[in-house]
Amino acid sequence: MSKILVIAEHLGGKLNPSTARAVSAAAAAKPEAIDVLVLADNADAIAAEAAKIEGVSRVLTVTRAENAHALAAVLAPQVAKAAAGYSHVFAPSTTFGKDLAPRVAALLGVAQVSDVMAVEGSHTFKRPIYAGNAIVTVEADPAQTVVATIRTASWPAAAIGANGTPVEALNLDVALPSYTRFVELKQGKSDRPDLQGASKVVSGGRGVGSKENFEIIYKFADRIGAAVGASRAAVDAGYVPNEMQVGQTGKIIAPELYMAIGISGAIQHLTGIKDAGTIVAINKDAEAPIFEIADLGLVGDLFKIVPELEAALAG
Amino acid sequence: MKILVGYKRVVDYNVRIQVKPDGTGVVTEGVKLSANPFDDIALEEALRLREKGVAEEVVIVGIGPADLTAHLRNGLAMGANRAIHVTTAEAVQPLTAARVFLKLVEKEQPGLVILGKQAIDDDANQTGQMLAALWDRPQATFASKVEIADGKATVTREVDAGLETIEADLPAVITTDLRLNEPRFIKLPDIMKAKSKPIDVIELGSLGVEGGDHLKTTHYAAPPKRSKGVMVKDAAELVATLKQKGLL
Ligand SMILES: Cc1cc2nc3c(=O)[nH]c(=O)nc-3n(C[C@H](O)[C@H](O)[C@H](O)COP(=O)(O)OP(=O)(O)OC[C@H]3O[C@@H](n4cnc5c(N)ncnc54)[C@H](O)[C@@H]3O)c2cc1C
Ligand SMILES: Cc1cc2nc3c(=O)[nH]c(=O)nc-3n(C[C@H](O)[C@H](O)[C@H](O)COP(=O)(O)OP(=O)(O)OC[C@H]3O[C@@H](n4cnc5c(N)ncnc54)[C@H](O)[C@@H]3O)c2cc1C
């Protein structure tokens, strides 16, 4: 039988929702136990949040000053040690998990399955390659620990509401390297919903034309309570910060509603929105590839249409 | 300082990938192959560090079949001093690639290894992190800015929350994100010059690396297709339709 260790992602003392998504993927492998590992300098509040995730057997905490920031070189030896006795180690396929999991896999001398989108059996998974243009079925060696990252857009978050899940402190006796040091994190401050978990997302592309013009996108998004995303071209041009990029090399998201405004629909962008419920495209070019995959398309100038949308909402 | 750069050949990012009808792979016959875009960025960064006097030598590494030579020549034309071609008929998985890089690191003793954050064929995003672990050195993944001074790399990383800066003692492994730089174009005279630059050919089998290809790919499928939807005539109709669907 399998036992799965899920690595909790957290920032600023809060559990990231990607953790509950990784728990869903773990549950799909039908293991005998799912334990969540919290590595932090102050783990109590995070562990308490993790203990509420349905399906979790135990929450394990490792409290060390060195764990104040998520440095892969510091966390990986602890995860590798804690992995003893587990058949699987899962982490969310976020920049946190992508940075950490391969380092764990290499320390264990095992392969990693990246971006698991479906669990077909305890050692059989589906994952995307070529920017999602092909889906492969891969089999991991049952004789080895399976290290995998979980494509969060493919999995709903496990329900919150569990009671009485035990929280246990682990004492791992591992020496940690000091050759990597945290300097700072520049975070875009925003009161808008988080891009990765939002049910509605409005994205702007190069067609928006400037940082100033992007206000029109923000304003509309706020009007409908949506998170704001962008194409790479919009990020590269400096209209918006990097954390708003959607696509192969940005965020992979699965909102119920995705509105692409002034975005042409390059395959690298579409990779990020394949799992969206309803895709709306607004573009002045009727031939834009985005219309090939959009559920609802509207041809026209975004500077005219977006205000009209707001007016129609008011009416 | 010497910089080792991963220079992988992949199917060009503009190619529309087709899965073979029998599910045994994707069609790679006759499609355009190019350098992994992230590796062009890795090479560009290494060249800039050499031009700044931070590094003296830039060595590109390709792991792949015999016909990789032309691809490596492109990297030499871009400006690398020399190339190492590790030959293998089979595509290697990231753990094997990382073990190969570790052997080359032991031999070459670079101060810095720069790889792409992911190769756009398999999108694994693993090799750099695995190499750093095996080598027991720092890793700075998803780099959008790199500064080298006093035996340290200060690297800004594109993370989900924003931009993170970390400091890593050298030697270290850096993996590149798209906004690190814009790779230069290759000029014709450089292609001629590249012809005389050395390419060391090493057979993978001769390196004595333990095989790390533990994953078996049993099936390839095309992704579920999103079908073309409907066009609406104006903003009012769009809002009405979205309201009807309960989305607004
Ligand atoms: C390795 C690699 C990885 C990449 N990763 C990503 C990624 O993660 N995410 C990503 O998005 N891209 C990515 N790209 C880039 C991608 O190929 C495209 O270049 C990018 O998505 C284009 O952005 P865009 O649609 O905003 O710009 P464009 O392609 O320039 O499209 C702009 C669109 O706006 C329309 N428009 C202009 N003015 C108006 C107006 N007034 N009203 C209405 N419409 C208007 C135009 O008709 C056009 O269709 C990647 C590329 C590579 C090579
Ligand atoms: C036709 C085809 C069939 C395939 N079949 C299989 C299969 O059956 N099973 C399977 O698991 N995989 C298969 N692959 C995928 C292939 O083995 C992957 O390239 C491999 O898993 C490495 O993943 P990656 O390059 O995405 O690694 P990443 O970790 O994403 O690579 C990151 C970086 O590491 C460096 N790097 C990695 N590899 C090399 C290299 N060879 N040379 C130089 N630098 C390198 C580069 O700097 C690169 O940017 C196939 C690929 C193709 C094209």
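Residues numbered from 1 in each chain as written. Chains lettered and ligands numbered in written order. Predicted model: local features only at pLDDT ≥ 70, side-chain atom pairs only at ≥ 80, totals over all residues. Heavy atoms only, no water.

**Q** Looking at this structure, I do not really get the domain arrangement of chain A. What am I missing?
**A** A common way to report how large an interface is uses the accessible area buried once the components associate. Residue and element names in this part refer to chain A. Each domain of chain A was delimited in the assignment, giving domain 1 (3-169) and domain 2 (200-313). Each of domain 1 and domain 2 has a C-alpha centre, and the two are 31 Å apart. Contact residues are listed per partner, giving 6 residues for domain 1 and 8 residues for domain 2. Buried surface at the junction of domain 1 and domain 2, both sides included, amounts to about 590 Å², of which 44% is carbon and sulfur. Among the residues domain 1 hides against domain 2, the three largest losses belong to A131, R151 and A153. Together they make up 70% of the total. Inspection of the region where domain 1 meets domain 2 yields 1 salt bridge. Note that D275 is salt-bridged to R151, the shortest N-O span being 2.5 Å. When its residues are assigned to classes, the side of domain 1 that touches domain 2 shows 2 nonpolar, 3 polar and 1 charged. (Domains from an automatic or database assignment. Contact = heavy atoms within 4.5 Å. Buried area = accessible area lost by both parts, 1.4 Å probe. Salt bridge = Lys/Arg side-chain N within 4 Å of Asp/Glu carboxyl O. Nonpolar A, V, L, I, M, F, W, Y, C, P; charged D, E, K, R; others polar.)

**Q** Looking at this structure, how should I read the interface of chain A and chain B?
**A** Counting from both sides, the interface comprises 87 residues of chain A and, opposite them, 75 residues of chain B. Between chain A and chain B lies a buried interface of about 6800 Å² when both sides are counted; carbon and sulfur atoms form 55% of it. Put simply, chain A and chain B have 8 salt bridges between them. The salt bridge partner of R157 of chain B is D99 of chain A, with a shortest N-O separation of 3.5 Å. The interface formed by chain A and chain B includes 42 residue pairs in polar contact (both at pLDDT 80 or more). Taken together, the residues that form the side of chain A that touches chain B break down as 43 nonpolar, 23 polar and 21 charged. Pairing of strand β10 (residues 134-139) of chain A with strand β12 (residues 216-221) of chain B involves 5 bridges; the strand directions are antiparallel. Counted as the bridge partner of V138 of chain A is T217 of chain B from β12 of chain B. (Polar contact = N/O pair within 3.5 Å; in protein donor to acceptor, adjacent residues only side chain to side chain. Pairing = 2+ DSSP bridges. Helix = DSSP H or I, 4+ residues; strand = E, 2+ residues; numbered from the N terminus.)

**Q** Honestly, the environment of V62 of chain A in this entry has me stumped. Any pointers?
**A** Residue and element names in this part refer to chain A. Looking at the element boundaries, V62 is found in strand β5 (residues 58-63). Here V62 falls in the buried class, since its relative accessible area comes to 3%. Linking V62 and D41, residues 21 residues apart in sequence, is a C-alpha distance of 8.0 Å. Excluding anything up to four places from it in sequence, V62 contacts L37, V38, L39, A40, N67, Q78, L170 and L172. (Buried < 20%, exposed > 50% of the residue type's maximum accessible area, 1.4 Å probe, protein only.)

**Q** Sorry if this is basic, but what is going on with the site of ligand 1 here?
**A** Taken together, 28 residues are adjacent to ligand 1, and R206, S231, S264, Q268 and N283 of chain A come closest. What surrounds ligand 1 is not a single chain but chains A and B. The contact in question runs from an oxygen atom of ligand 1 to an N or O atom on the backbone of G250 of chain A, over 3.3 Å. Protein coverage of the free-state accessible area of ligand 1, which is 990 Å², stands at 85%. (Near = heavy atom within 4 Å. Areas by Shrake-Rupley, 256 points an atom, 1.4 Å probe, with all protein chains shown as cover.)

**Q** Help me understand the side chain of D35 of chain A in this model?
**A** Residue and element names in this part refer to chain A. Locating D35 in the fold gives a position in strand β4 (residues 33-40). Its relative accessible area of 1% is what places D35 among the buried residues. Among the polar contacts made by the side chain of D35, one reaches the side chain of R58 at a distance of 2.9 Å. The residues touching D35, leaving out its near neighbours within four places in the chain, are I4, L5, V6, S57, R58, L60 and Y86.

**Q** Teacher, can you tell me more about the site of ligand 2 here?
**A** Residues and elements named next belong to chain B. Close contacts around ligand 2 come from 29 residues, with K8, D39, I63, Q126 and T127 the closest. Backbone polar atom of V92 to an oxygen atom of ligand 2: 3.2 Å apart, as the coordinates give it. Interatomic distance of 2.9 Å between a side-chain N/O atom of D122 and an oxygen atom of ligand 2. For ligand 2, whose unbound accessible area comes to 950 Å², protein coverage reaches 85%. Elements with a minimum of two residues in the shell around ligand 2: β4 (57-64), α3 (94-108), β6 (112-116) and β12. Here the residues of the shell around ligand 2 are counted per class, giving 13 nonpolar, 11 polar and 5 charged.

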